[in-house]
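Examining the three-dimensional arrangement
Residues per chain, in single letters:
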Amino acid sequence: MNPRPITLALTGASGSAYGLRVLDCLLRLGRPVDLLLSDAAQIVIATETEWRPPSDPALIGAYFADRLHADPGLLRAFGRHDWMAPVASGSNPNAAMVICPCSGGATSAIAAGASDTLIERAADVMLKENRPLILVVRETPLSAIHLENLLKLARLGVTVMPASPGFYHRPQRVEDLVDFIAARVLDHLNVEHDLIQRWGEP
Ligand SMILES: Cc1cc2nc3c(=O)[nH]c(=O)nc-3n(C[C@H](O)[C@H](O)[C@H](O)COP(=O)(O)O)c2cc1C
């Protein structure tokens, strides 16, 4: 039986390369992905990378599958108010959800239970269904508002994973730093990978 999809949301925090690398890895490893992009994520992706995903959600899946040489059947994308998407309901929960990168705004909306966009609603579903939710937050410095929101979510079982790569693997390229975070995200999704050398292994 095919594994249940993983929901991957990119929001408008800096660090879109992390989310795009997680997407690349999941598809390469044959994991089905439900992809959600916020409007601000589209702007940040265009600012930080050469990627130009279409604004029409119906075209986003084919765009990424083509660019990543992935099976288009593994990837579904949904619009910000597509309440008919499976991820909008607790009756059809995905295996896990990761928001990478996760903005302070998205963190706040999720902590408040706003559910005003599909990303917020999908996260709300994961919370109420007690399913894994991972936030790769990126902001610096963090205000007390950010910290209170993150504490509230951590106490609800959310994995708060700041986009702060380690340097003990002696990164040589930006991609090595990106892979450090992508590897930790895949670890927490229970997806086997060999992105980086593990500590204590030759
Ligand atoms: C280039 C760029 C970089 C940004 N970086 C961050 C960031 O690192 N963290 C953050 O919380 N917001 C950042 N923002 C602001 C968010 O995009 C903005 O608050 C937006 O409303 C978030 O909406 P979303 O959560 O729906 O994506 C950035 C915006 C731009 C254009």
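Attention here is on the structure that accompanies the text. (Residues numbered from 1 in each chain as written. Predicted model: local features only at pLDDT ≥ 70, side-chain atom pairs only at ≥ 80, totals over all residues. Heavy atoms only, no water.)

1. Here we look at unusual backbone geometry
With an omega of 0 degrees, the peptide bond between C100 and P101 qualifies as cis. Of the consecutive residues T140 and P141, the connecting peptide bond is found in the cis state with omega at -10 degrees. Here P141 lies in the loop between β5 (133–137) and α6 (144–155). Unlike most non-glycine residues, S115 shows phi in positive territory, near 55 degrees. Relative to the helices and strands, S115 resides in the loop between α4 (104–112) and α5 (118–128). In this structure, N190 takes a positive phi of about 60 degrees despite not being glycine. Position of N190 relative to the elements: it lies in the segment after α7 (174–188). Under the relative-accessibility criterion, N190 is labelled exposed at 70%. (Helix = DSSP H or I, 4+ residues; strand = E, 2+ residues; numbered from the N terminus. Buried < 20%, exposed > 50% of the residue type's maximum accessible area, 1.4 Å probe, protein only.)

2. A look at the site of the ligand
The environment of the ligand is made up of T11, G12, A13, S14, S38, A40, V44, S103, G104, A106, R138 and E139. In this structure, G12 approaches the ligand through a main-chain N or O atom, which is 2.6 Å from an oxygen atom. Between the ligand and the protein, one listed contact pairs a nitrogen atom with a backbone N or O atom of R138 at 2.7 Å. Of all the secondary structure elements, the ones that give two or more residues to the shell around the ligand are α2 (39–48) and α4. Its residues placed into classes, the shell around the ligand shows four nonpolar, six polar and two charged. (Near = heavy atom within 4 Å. Polar contact = N/O pair within 3.5 Å; in protein donor to acceptor, adjacent residues only side chain to side chain. Nonpolar A, V, L, I, M, F, W, Y, C, P; charged D, E, K, R; others polar.)

3. Here's the deal with the nonpolar core
Generally speaking, nonpolar side chains in soluble globular proteins are found buried as a group. Grouped together as the largest cluster of nonpolar side chains are 41 residues, with contacts concentrated most on L8, L23, L35, F64, V98, V136 and L189. Residues A85, A111, A123 and M126 belong to the second largest nonpolar core, which totals 24 residues. (Core = buried A, V, L, I, M, F, W, Y, C linked by side-chain atoms within 4.5 Å.)

4. A word on the environment of T159
One can find T159 in strand β6 (residues 159–160). When the C-alpha atoms of T159 and L147 are compared, they prove to be 14 Å apart, with twelve residues separating the residues in sequence. In this structure, T159 is in contact with L133, I134, L135 and H188, ignoring residues within four places of it in sequence. (Contact = heavy atoms within 4.5 Å.)

5. Things to note about the packing of aromatic side chains
In the structure shown here, the tally under the stated rule is five aromatic pairs. Centroid distance W51 to F64: 5.6 Å. Interplanar angle 25 degrees. Geometry classified as stacked. Remark: F64 occurs in helix α3 (residues 57–67) and W51 occurs in the loop between α2 and α3; sequence separation between them is 13 residues. Take F64: its relative accessible area is 1%, and that puts it in the buried class. Where Y168 meets F180, the ring centres are 5.7 Å apart and the plane angle is 80 degrees; that geometry is what we call edge-to-face. Pair noted here: Y168 is in the loop between β6 and α7 and F180 is in helix α7, with a separation of twelve residues, a long-range link. (Phe/Tyr/Trp six-rings, centres within 6.5 Å; stacked < 30°, edge-to-face > 60°.)

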